[in-house]
Structure formats: C-alpha cells, structure tokens
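Per-entry structural report
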Amino acid sequence: MATSWQEIVDLGARQPGGVVAVEEEAPEQRRGVFRKLRESLSKSRQALTEEISASLFDKIDDETWELLEEALILADVGAPTTAAVVEKLEQEVESGAVPMDGVAVRDRLIEILAEVASTGRAPMDLSAEPAILMMVGVNGTGKTTTIGKIAWHLSKEMGLSVVMAAADTYRAAAAEQLETWAERAGAELVRGEEGSDPGAVAYDAINAARARGADVVIVDTAGRLHTQTNLMEELAKVRRVIQKQIPEAPHETLISIDATTGQNGLRQAKIFSEAVDVDGVVLTKLDGTARGGIALAIASDLNIPVKLIGVGETLEDLRPFDPGDYAKALLAE
Amino acid sequence: MFDQLSERLQSTLSEVRSRGKLSESDVDSAMREIRLALLEADVNFKVVKAFTKTLKERCLGEDVMSSLDPGQQVVKIVNEELASLMGGTGSELAMATSGPTVILMAGLQGSGKTTACAKLAQFFKKEGKDVALAACDVYRPAAVEQLVTMGGRAGAHVYERGTDADPVDIASWALAEAQSERRDVLIIDTAGRLHIDQDLMAELAKIRKQTRPHDVLLVVDAMTGQDAVGVAESFAEVAEFDGVVMTKLDGDARGGAALSVKAVTGKPILFASTGEKIEDFDKFHPDRMAQRILGMGDVLSLIEKAEQQVDEKEAEELQEKMRKDQFTLDDMLTQMKQVRKMGPLSGIIGMLPGMGAMKQLKNADVDEKELDRVEAIILSMTPRERANPGIINGSRRKRIANGSGTKVQNVNNLVKQFDQMRVLMKSMANGRMPTPQQMAQLAGGNQRAPRPKMRRR
Ligand SMILES: Nc1nc2c(ncn2[C@@H]2O[C@H](COP(=O)(O)OP(=O)(O)OP(=O)(O)O)[C@@H](O)[C@H]2O)c(=O)[nH]1
Ligand SMILES: [Mg+2]
C-alpha cells in the first residue's frame, strides 16, 4: 500500500485534516481537476508499479550479479551502495538464507532496497504553530514548483493554511513564479524587492503567518551550487534569522534533488545538510526515465530520507515517498 | 569520495615496471580502476564498457620501459583516448551567410536554458552583433519575465507575446520580426520538456521545422547521471541538435554526462556555462573536460588564472629558485598571498590534480584559517630565519610561536612541511610531477576511501 499524506506529516496537537470546506466549483472546472488527478495518478503508477522481472534471477550465477550491478549503476545508485546491496543479497543466497528461487531472490532484493531507502525515515514535522518549512537545493532542481505542490496538498489533504515566503530575491522573476503557484494553491505570498535580503523576507512571512494564524510557512530560497561557500553561508544566515523568531525553526528543511542527478547528488545533500541541517529529500522529476537511485546513496550514507517525490509539473504531481514502491520501480524494466 | 585515479593506477601497477610490459592481468586490474573512476564521474555504463574495451586493446603490450612508471603511462593513454573521444578543439556554430542566424535551444526542465540563452546573447553582443531572443516557454510560470529581465541585462531585444500564444507561432513571428528588423542573431528559448513527453517533443520538432535554425543546441546539466544518454538520443532524434551547452560546470560534478552525450550522439560540446552571472560562459575545452572526468584537475585553467595574477618575470625567478633549491619562507609567503588573490581556496584546490580528493583541503573555512596561521608564523620570524629555516632551533621556535599566537607544534609542522615542499618543488621545477602521495603528505595526511568491491572486471 502506498504511503498516505497523513502518515508522512506530523500535525501534533492540530486536528488532522479530514473534510475541508472546498468552495463550490463549476462542474466543468471540477471535471478538469479530476481528469488531471487521474492523469497524474496513472503517470506515477506507470513510474512506480512496474517491477523488476523475476527472470533476471531465473538462473543464478556470476552473470546474474553482474547484471544486477549494471542495473543499479544505470539507476544512478553509485558503485559503493551498489556493491553493498549486491554483496548482501549474494551472501544471503549463498548461505541459504534466501532460497535459490527467482521470485524469492527478487522479493528479497526489493526488501533490501526498501530497507536502505527507509534509512532515517521520519514524518515531516509540522506540529508547531506556525510550522516553518524551508526548501533548499541546487539551481533548477524544482524547489519553487515543489512548494506550490506542497501548499496545495497541505490545504487539500489536511486543511492547513499556508504562507509562502519568496526568499529567492536573486534570480530574475523568481517571486513572480512563486506568486503564480501561490495563486494556484490558494496560499498567501510574502515577497520583497528583487535583490533584497532573503532573511528579511522569511522574517516578514513568519510575522504575517502569526498575525493571520496561518498553519505553515514555506520558505523558497534561491538555487545555489553547494560549492559556492558564500551562498551557502547566506543560506545558513536565512536559517539563523528564522531562528531568532522561533528557536526550533525551521521545523522541516527539505532539499530538492533532481532524479536525473548522478553521483554529485550525494555531495549536494551532504554540503547542504552541513549548512542548514536538512531533514529530508524531495526527489523531483521522477516522471522522466531517470530512476533517482542517488537517493539510496543519500539515505544510506547520510541518513537523510526521501520524504516526497515529484512526478510532473502540475499541483497534483507530488506524492509521499514510499520505500517499497520506490524499490520496485528502481529496477523495473 | 573517490580516490584519485592516477594514484590507484600507480599502486595497481607499481610492480609492473620491472617487467617492462603490461600483461593482460595488469591491464585488467587497471581497467577495473578506470571503470570505477568513470562510473563515479557519471559516464554512462555502456559508454564505459565500450571505452575500456578500446582502451584495453591499446594498453596491452604497450611499452612502458621508457616511461616514468606504468601507472603514469596508463593515465596518459586514458587521457589521450578520453580527449579524442570528447572531440578535438575548435567546433564552431554554423552562422547564416545572410539574414539572422537562428539558434534553437532545447533541453530538460531545470537544465538552465533561459540563463544559457541570455549568456549566448551576451556572447554574440561582445562580437558586436545585434541579438534578439524569442520567449517560447509559455508553460513555466514567469519564464517569459525571466527571459525579458535576463535578455535585457545582456542588451538583447526580447520578442515575447505573453503566455497565451502558441510557442510555434511565437517562434515564427519572432523570426519574421528578426528578419525585418535585420537582427544578426535570433536565439529561441523553449520550455523545458521531458524527452518522453510526446506532445512537447512534437512541438519542438514543429518549431524547428518552422524556423529552420542554423544551430540547434541541447542544454545539458553537468550533474546529470546515467540518464543523459537516453535524453540525448531522444533529443537528437526529434530536434537533431548540432551541439551541446554544458551548464553548472562551476560545481564539483565530474561531468561524465559530457562524455556520454558526445559518445552516443557524436555531437560536440560547444559551450560551458559556469555560473549564474551572464558573463560566466565560454567556449568548451574538450581536453580539460577529459581531465576533469578523471579527477586530474583543471591544471590549464589554473595556469590561466595564475597568469592573470602573477607577474611572469617574478614567476620565472621563482622557478629558478625552486630548481636551485633556494626557495625561502619569504617566497612562500609571497606566493601564498598571490594564490589567495586568485579567489576562494576551495575553487583553486579543486583544479589541482589530486587535491580535489583530499578531505583536509575540502573545507575551505579551515583552510583559510590555517593559511592565516601560516602567515602569522612566517611574519613572526626574522628575515634570517625566513631565508634559512635550518637555523630555527628550539628556543627560536618558542619565540616564534609566542609572537604569532600559535603553538610550538604549529611552528614545527610548518618547518617540516616547508622542507617537504622544497623537495617537491625542486623536482617539479625540474619537470617532474609530484606523486599524489607526496602531495597528500604535504597536505598532512594520506587517507584512502575504501574502494567498492564491484564484481565486474
Ligand atoms: N517533469 C517534471 N518537471 C518538474 C518537476 N518539478 C519541477 N519541474 C520543472 O523543473 C523546472 C525547474 O523547476 P523550479 O521549481 O523552477 O526549480 P527551482 O529549484 O525553484 O529553480 P531555481 O529557483 O531557478 O533554482 C521547471 O520547468 C519545473 O516545471 C517534476 O517533478 N517533474
Ligand atoms: Mg526557484
């Protein structure tokens, strides 16, 4: 069973969502929404329900393990994690712990992969009022789009009200982009001048959220390469400004990792989490052909779990991460 | 992280020299290391397989007697083969003989197209051309605004019709405008799209058909992993691109995608995008990329950077001093100051062969502090001590430590490192590259990441 939103969000003392008063929609608009939802579900079903064929394990010999290695490498899992997974499975088969049977070996492989993907798993902590969520990541990985989607889901699934902080004051038209998403998701937007201090925008957004009794503040930040020390320092500063208002905040810091990213994704996660203490990964663009295997390496090496996955460019295209589904899809034909 | 390839090869092949020729099993173990290095750099698995096959044939029986050591020899061969696979230097854009040169930009979402468009515009502007941009990304929120702003910064005219018009129509209209306004170059920005999105790929093909561009450029993120091959193949089929713009090369990704894309499509990488500012853009150097993929460092770029900062005559004098073993702590201080002028240390270190893999040097903050300390120590020495560190005995060390606010231990370390450095410099000045082990020693450690135990040979 796929993981639900309720499972991955910790709402604390807040009443979990249930029925939200949705405004009356025109019938054709409504149909549009459902069609999109169906489409997006089938898209992610495609991406997530095909399985590794058991025929890979029809005959189990050296070549099997080599083919398995190849498949994991092609999924961007990376050599160290690949070697560890294959070694483990191979040992279990050799020792007789797993029977030499195609289906059994495949199922055990999926289990092992899911175990690795579950490393450090924890719900998103949105129990504080307001809860502060900060999005960080390398340029173009999908931060702004993801914020739009999260806001929409939080309000549709759990009835939370969201304020967005346009703290990317650097990139041209970044605030306009977030503004469109705020409109689509029915969230409020706080923005500053282009080139203004990103910390100040976050600060204002928190004040606005408090004044209005909003549930969640989501802070968009400018994309930056983890190698840009000064920009990483700037990000840490935004965090400190937030902490001046709420010492425990940000309650949830998410890094967006593009599923097409190769081995560099590990460096991204490592250095971002050194700067701002990342709680989880949003693995974006899984609707393409990339498998996002680097997320396994990130979980196993850094103990940072994937929490959400992006499967398209519309509001609906965001889903709770499910380790089992991910394990199955990683090596699907 | 991955250890440096040449170090691995050197240790793998260390006993070969006595035999004079590489045997099949020597070559196999070398190929294993190369395979891992290339995979770590995100070169596509299948490309790696084909590449190591060619490489193996060339390495077998290669005469290594004359070379310094077999490891170096293999590295040299790898480097040559990689560079030739990446394509020689000097691929150029096709330009129109009359009327505007039309360039169509395409790529996945988030690969950096819009920024690359503005940078390319600026690139042509610098050549004195009249450049225009066409805003055909009507899907991503505020993409048009972004292009208008960035195009403005580049001094280019932007043709836009908001987000309600059809991208194919906008492109045709922009071309007609560019023709009648006699622009020299028209660059068409398109929305990012997945290579498996049939509708959007068909749209791209249509834009191509309508505008008959002189060049179609695929924009590829340098951090892309194994999927780069599938993406490039699909775009090659639908958009028949002529060349590639690699973006985000200012990061620390090894950029194996560049090799994969070149290998499967045969199209050259034409431009390198290396930052968010509009001027961070240049022609691509395939030979340097080969070295980067192997973790051999971008020595050429470093030399260029150094050239801007260092006075040539001074450098020659220094070289002479190194060769004669007359390098002093004063020289070191001067050099350090010059190096620090070149920018943050982390960037520079990444360009040095082998240094990229060294943990101690990765953390730039610590480095800068360490450098401050070294400077303070040297400044607390007398001119005689700086010229002749041999005389620095116990009591002098104590005095220096007090004067610089450091510990005697720090002074000891510096003197010791300086001695090692002098030996190294002497050999470098005489034309020999130091081994990575020597460099690692200099950096104060010699750690080795455990190597993944992959099965495939
Ligand atoms: N196909 C697909 N595209 C996505 C997904 N998430 C984001 N994108 C697209 O990726 C591109 C970049 O997304 P943004 O949200 O602007 O990324 P960002 O990280 O905010 O970018 P910067 O702020 O410029 O660093 C846009 O074209 C998005 O539509 C996804 O899950 N699937
Ligand atoms: Mg953004």
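Up top you'll find the structure we're talking about.
Predicted model only: the values in this text are computed from it and were never measured.

1. Concerning the sheet that holds strand S3 (residues 131-137) of chain A
Residues and elements named next belong to chain A. Ordered in space as S5-S4-S6-S3-S7-S8-S9-S10, the eight strands form an open sheet in which the pairing is mixed. In the strand order of this sheet, the two ends are held by strand S5 (188-191) and strand S10 (318-320), each with one partner. For this sheet the average axis-to-axis angle between neighbouring strands, irrespective of direction, equals 25°. Of the pairings in the sheet, the one linking strand S8 (residues 280-284) to strand S9 (residues 306-310) comprises three bridges and is parallel in character. Pairing of Leu 283 across the sheet is with Ile 309, part of S9. Its contacts with the sheet put helix H9 (residues 229-245) on S3, strand S6 (216-221) and strand S7 (252-258), and the angle it makes with S3 is roughly 175°.

2. Thoughts on the packing of helix H3 (residues 62-74) of chain A against helix H3 (residues 45-59) of chain B
One can describe the packing of H3(A) onto H3(B) by two numbers: an axis separation of 9 Å at closest approach and a directional angle of 120°. Comparing the axis directions of H3(A) and H3(B) gives the class oblique. Contacts from A:Glu70, A:Ile73 and A:Leu74 of H3(A) reach H3(B) at B:Phe45, B:Lys46 and B:Lys49. Counted by class, the contact of H3(A) with H3(B) contains three nonpolar, no polar and three charged residues.

3. Here's the deal with the interface of chain A and chain B
Contacts between chain A and chain B engage 50 residues on the former and 43 residues on the latter. Residue B:Arg153 is joined to A:Glu194 by a salt bridge in which the shortest nitrogen-to-oxygen separation is 3.1 Å. Inspection of the region where chain A meets chain B yields 15 residue pairs in polar contact (both at pLDDT 80 or more). Of all the secondary structure elements, the ones that give two or more residues to the side of chain A that touches chain B are H3, helix H4 (79-94), helix H7 (174-185), H9 and helix H10 (264-276) of chain A. It is H3(A) that provides the largest number of residues to the side of chain A that touches chain B, a total of eight residues. Within the side of chain A that touches chain B, the residues separate by chemical class into 16 nonpolar, 18 polar and 16 charged.

4. Considerations on the pairing of strand S2 (residues 131-136) of chain B
Residues and elements named next belong to chain B. Burial analysis of S2 places six of its six residues in the buried class, which makes it a mostly covered element. Burial along S2 is two-sided: Val 131, Leu 133 and Ala 135 and Ala 132, Ala 134 and Cys 136, pointing in opposite directions, are all buried. Note: S2 against strand S3 (residues 157-159), three bridges, orientation parallel. Counted as the bridge partner of Ala 134 is Tyr 159 from S3. Taken together, S2, helix H6 (residues 143-154) and S3 form a β-α-β motif whose crossover is right-handed.

Conventions we followed
Residues numbered from 1 in each chain as written. Chains lettered and ligands numbered in written order. Predicted model: local features only at pLDDT ≥ 70, side-chain atom pairs only at ≥ 80, totals over all residues. Heavy atoms only, no water. Pairing = 2+ DSSP bridges. Helix = DSSP H or I, 4+ residues; strand = E, 2+ residues; numbered from the N terminus. Axes fitted to C-alpha atoms, helices over the stretch in contact; angles between N-to-C directions. Contact = heavy atoms within 4.5 Å. Parallel < 35°, antiparallel > 145°, perpendicular 65-115°, else oblique. Nonpolar A, V, L, I, M, F, W, Y, C, P; charged D, E, K, R; others polar. Salt bridge = Lys/Arg side-chain N within 4 Å of Asp/Glu carboxyl O. Polar contact = N/O pair within 3.5 Å; in protein donor to acceptor, adjacent residues only side chain to side chain. Buried < 20%, exposed > 50% of the residue type's maximum accessible area, 1.4 Å probe, protein only. Right-handed = clockwise from strand over helix to strand, strands pointing away.

Keep in mind these numbers describe shape, not what the thing actually does.
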